[in-house]
Amino acid sequence: MITVFVPRDSAAVSVGADEVAAAIQREAGDAVRVVRNGSRGMLWLEPLVEVVTERGRIGYGPVSPAAVPGLIEAGMLAGADHELCHGVVDELPWMAEQQRLCFARVGVIDPLSTDDYEAHGGLRGLRTALERDPAAVVAEVTESGLRGRGGAGFPAGIKWKTVLDAQGPLKFVCCNADEGDSGTFADRMLMEGDPFCLIEGMTIAAHAVGASEGYIYIRSEYPDAVSTMRRAIDIAYAHGWLGENILGSDTSFDLFVRVGAGAYICGEETSMLESLEGKRGMVRSKPPIPAITGLFGKPTVVNNVLTLASVPAILADGGSAYAELGVDRSRGTQVFQLAGNIARGGVFETAFGITLGELVDGYGGGTRSGRPVRAVQVGGPLGSYVPAGQFGLPMDYEAFAEAEAMLGHGGIVVFDDTVDMAAMARFAMEFCAEESCGKCTPCRVGAVRGVEVIDKITGGDDRDGNLALLNDLCELMTDGSLCAMGGLTPNPVRSALNHFPDDFSSGAATQKEAT
Amino acid sequence: MAVESAGASVAERVRAVVEAHRDERGALLPILHGIQAEFGYIDPEVVPILAAELNLSRADVHGVVTFYSDFRSEPAGAATVRLCRAEACQSVGAEKLVADAEQVFGVKLGQTTPDGSVTLQQVFCLGNCALGPAAQINGRMYGRLDRTRLVEILAKGAEA
Ligand SMILES: Cc1cc2nc3c(=O)[nH]c(=O)nc-3n(C[C@H](O)[C@H](O)[C@H](O)COP(=O)(O)O)c2cc1C
Ligand code: SF4
Ligand code: FES
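Note that the coordinates shown come from a computational prediction; the quantities given were computed from them, not determined experimentally.

For the rest of this paragraph, the subject is the UniProt feature "binding site: [2Fe-2S] cluster" (unreviewed entry) in chain B. When the UniProt feature table is mapped onto this chain, "binding site: [2Fe-2S] cluster" (unreviewed entry) is found at B:Cys84, B:Cys89, B:Cys125 and B:Cys129. These annotated residues cover 46 residues of sequence, but their C-alpha atoms sit close together, with the largest distance between any two at 9.3 Å. Residue classification places B:Cys125 among the buried residues on the basis of a relative accessible area of 2%. Beyond its immediate chain neighbours, meaning those up to four positions away, B:Cys125 contacts A:Gly180, A:Asp181, A:Ser182, A:Gly183, A:Thr184, A:Arg219, A:Glu221, B:Cys84 and B:Ala86. Mapped onto the elements of the fold, B:Cys129 is located in the loop between strand S2 (118–123) and strand S3 (135–137). Once residues within four sequence positions are removed from consideration, B:Cys129 is found in contact with A:Ser182, A:Gly183, A:Thr184, A:Phe185, A:Ala339, A:Gly340 and B:Ala88.

Printed below as a string of structure tokens:
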């Protein structure tokens, strides 16, 4: 029996993976076993079909349903050469040159097979953790230097220690899977491709802080992640990986999936907690911090998907091994996501410190359109635009902060030279106006004013006066907003203005169209 | 909509959804998703029923329903097309796709065609940012869309 992998990841499905899987099954019949894996993360090759041979897993892509009969005719099921054949997938530079800790199993295994999971190192971290005292587990995570992957980069160990030290019979672990940033999809791919890893990470967190209940808050835009996570949780309960006395230990932990309802602000942790409580997603003032007064007022760990999914490897192989990777205060690996106008988009997990240019021009191969890269936006809609001239920047929290940019969730959105940066600045304000929770004036009103002012600038209406006004507005939003939604929206606006001032002169857009 | 509940009154159907989530903490969101799955939208007339069932004020329930863009107050078309307008999709022509879609279907984002066949919506990121322009059509993700492919997908969907 020949084993063929065809991803079930929704990005692969978005370009025809389901139809390809069906075509292979139809053409090859009982001779093949089709396994629906996660995506390897080389999204430009999707649908990427892999055939198991004695040389390894041979990849073909992008495969269309119509190409399947020809591929099989040409000997794909024996790993034969073909113009769509890329050879042994693990040996491709894109794969071989990554350091996959968090994404080690994504794309490799059947996401819902517990056998596959354990055969590829799953549960090692949890078993280690359950043998230790909670404080020792927290110490291991602290030693790893792991920082929150959701954007702010707060040290996970310190957060966990606060929750561990907080007293009370009921504590929670909440996973932030709201992943609203444009240019990011790693949370989704992990949940669809290796859901047990997130369950394991959350269970370790629960043991470490003394929590008995957990929630994964997944955005409603991710229906496939929701159903995969729910099925994985059911399977985990059936195997004693969740529930009472996990793996025979004294630790018990119940885990639930909750679905968002189309509000970007619910990715902000306190807004997410409000939403989990069944309320409007209004941001809470801090203090108190969620670690002490979190979900339903109880001590709560809130971590991003990738933060929690990095924990099993840290417990399995030790915090110090993890901390050896990376640079300065950015330790370990980050799952970078190459998106937008990029020739080779996807996920690339590697140690912090790789440069922006190595990712975008190197692995990413420049733009999809073939035109020069003009700017990239790093860190989502609240992140700065970085011009191609700064591609020497290392991917490191502090180096980015120094350059008035931010790493955020590791998403990199590429734009070619046809981009109108004034339009992008306007969009940043429009997005903030649309998604503001409305609690504070600088954000709620400032963003609406921001759109108007940018329109006046590009319309040639008192340009200097309105530029000064835009500057004041940005300052007000930065200083006077309660949360980073209003507080960081000036990032994309100001960086666009600083690096690309010409785009803000009247008629710039029309001139551009003419070229 | 479930066949066996066809004879049940609106209030009974609402109560059945609430009952299914009774044991959950802070269950209003799961309940609202359940109501929308049951009826296709959240009719303002169910708000007082929910409020009574959950011991909340009508204003509270109304406030939650209106905060979240997923919850709609009237039925959607037979097909719901959610076009991504976020940055990564913009970098590969999302705005053009939006304009094309508006032209093809003759409605603006947020509207339903007069024959009730298509509801057009905007969405900010679907997590398919390396294969844009992206859209979600009846819950399924599509990538690398252009006008032709969009029309094809909807034509196929109509046949099935
Ligand atoms: C407007 C806004 C949106 C956010 N969206 C997300 C999100 O989608 N996912 C996420 O993990 N964190 C998001 N965050 C960051 C969270 O508030 C919080 O810092 C994070 O969940 C903590 O987890 P971490 O320490 O593991 O990163 C957002 C913050 C803001 C201000
Ligand atoms: S900055 Fe904006 S999103 Fe944040 S609390 Fe204020 S109004 Fe709400
Ligand atoms: S920006 Fe369109 S899918 Fe992410």
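Once the structure has been displayed, the description carries forward.
With that settled, consider the site of ligand 1. Residue and element names in this part refer to chain A. What surrounds ligand 1 is a group of 19 residues, the closest being Gly150, Asn176, Asn303, Asn304 and Thr307. Contact between ligand 1 and Lys159: an oxygen atom at 3.1 Å from a side-chain N or O atom of the residue. With respect to ligand 1, the side chain of Asn304 contributes an N or O atom lying 2.8 Å from an oxygen atom. Starting from 610 Å² of accessible surface for ligand 1 in isolation, the protein chains cover 91%. Within the residue set of the shell around ligand 1, elements represented by two or more residues are strand S9 (300–304) and helix H20 (484–488). The biggest single contributor to the shell around ligand 1 is S9, with three residues. Of the residues in the shell around ligand 1, the class split is five nonpolar, eight polar and six charged.

Calculation notes
- Residues numbered from 1 in each chain as written.
- Chains lettered and ligands numbered in written order.
- Predicted model: local features only at pLDDT ≥ 70, side-chain atom pairs only at ≥ 80, totals over all residues.
- Heavy atoms only, no water.
- UniProt positions renumbered as here; feature names shortened; annotations may be inferred.
- Buried < 20%, exposed > 50% of the residue type's maximum accessible area, 1.4 Å probe, protein only.
- Contact = heavy atoms within 4.5 Å.
- Helix = DSSP H or I, 4+ residues; strand = E, 2+ residues; numbered from the N terminus.
- Near = heavy atom within 4 Å.
- Polar contact = N/O pair within 3.5 Å; in protein donor to acceptor, adjacent residues only side chain to side chain.
- Areas by Shrake-Rupley, 256 points an atom, 1.4 Å probe, with all protein chains shown as cover.
- Nonpolar A, V, L, I, M, F, W, Y, C, P; charged D, E, K, R; others polar.

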